[in-house]
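# Tertiary structure, described
Each chain is listed here by its residues.
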Amino acid sequence: MKRITGTHWAKYPTAGEIMGMPGDRSPMRDAIATLASQKVIVLACANSIRASGGRFLPPDQRADRDRVTSFGEEVRANLLPGVEVVPAMIVSLQRARERACRYIYAGG
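Attention here is on the structure that accompanies the text. (Residues numbered from 1 in each chain as written. Predicted model: local features only at pLDDT ≥ 70, side-chain atom pairs only at ≥ 80, totals over all residues. Heavy atoms only, no water.)

### Quick look at helix 7 (residues 89–98)
Taken together, the buried positions of helix 7 are Met-89, Ser-92 and Leu-93. One side of helix 7 holds all its buried residues, which, seen down the axis, span an arc of 100°. Facing away from the buried surface of helix 7 by more than 90 degrees, the exposed residues are Ile-90, Arg-95 and Glu-98. In this structure, the buried residues of helix 7 make contact with strand 1 (42–45) and strand 2 (83–86). Ala-100, located one to two residues past helix 7, shows a positive phi value of around 65°. (Buried < 20%, exposed > 50% of the residue type's maximum accessible area, 1.4 Å probe, protein only. Helix = DSSP H or I, 4+ residues; strand = E, 2+ residues; numbered from the N terminus. Arc of directions from axis to C-beta. Contact = heavy atoms within 4.5 Å.)

### Let's talk about the side chain of Asn-78
For Asn-78, the location among the structural elements is in the loop between helix 6 (65–77) and strand 2. Owing to a relative accessible area of 16%, Asn-78 belongs among the buried residues under this scheme. Within the structure, the side chain of Asn-78 is placed 2.8 Å from the backbone oxygen of Glu-74, a separation counted as a polar contact. (Polar contact = N/O pair within 3.5 Å; in protein donor to acceptor, adjacent residues only side chain to side chain.)

This is how it looks when you write it as C-alpha cells:
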C-alpha cells in the first residue's frame, strides 16, 4: 500500500490539538522513522483507527457515519512508513506478551 504522509495531519488540525500535538505534521514522524530503521515494530489498532473520526473530526461532522468512516480510511492511507495496522491492539498486546515482548503506550 502506498502511504502518503503529512497531508492528513495538516488537513485535520483538530486531531493534533486534541492530542496536545498541534502543528502541520506529526511530531512522531522522525521518532517512528528512527524506530522503524532499528527494526522496532510500530503498531496501530484498526479498531481505534475506525473510531478516530468520532474523536478527531470537527464536532459538527462527528455524527455523520459516512464521514467518520472516510476519516478512518484516510488515516490508514496516511500512516507513517513503518507503522503496521493490527485488527485489535488488545489481542496483539497479549500475543506479544506471550512471546516476552514489551508494550509502550504512546497515545494521549
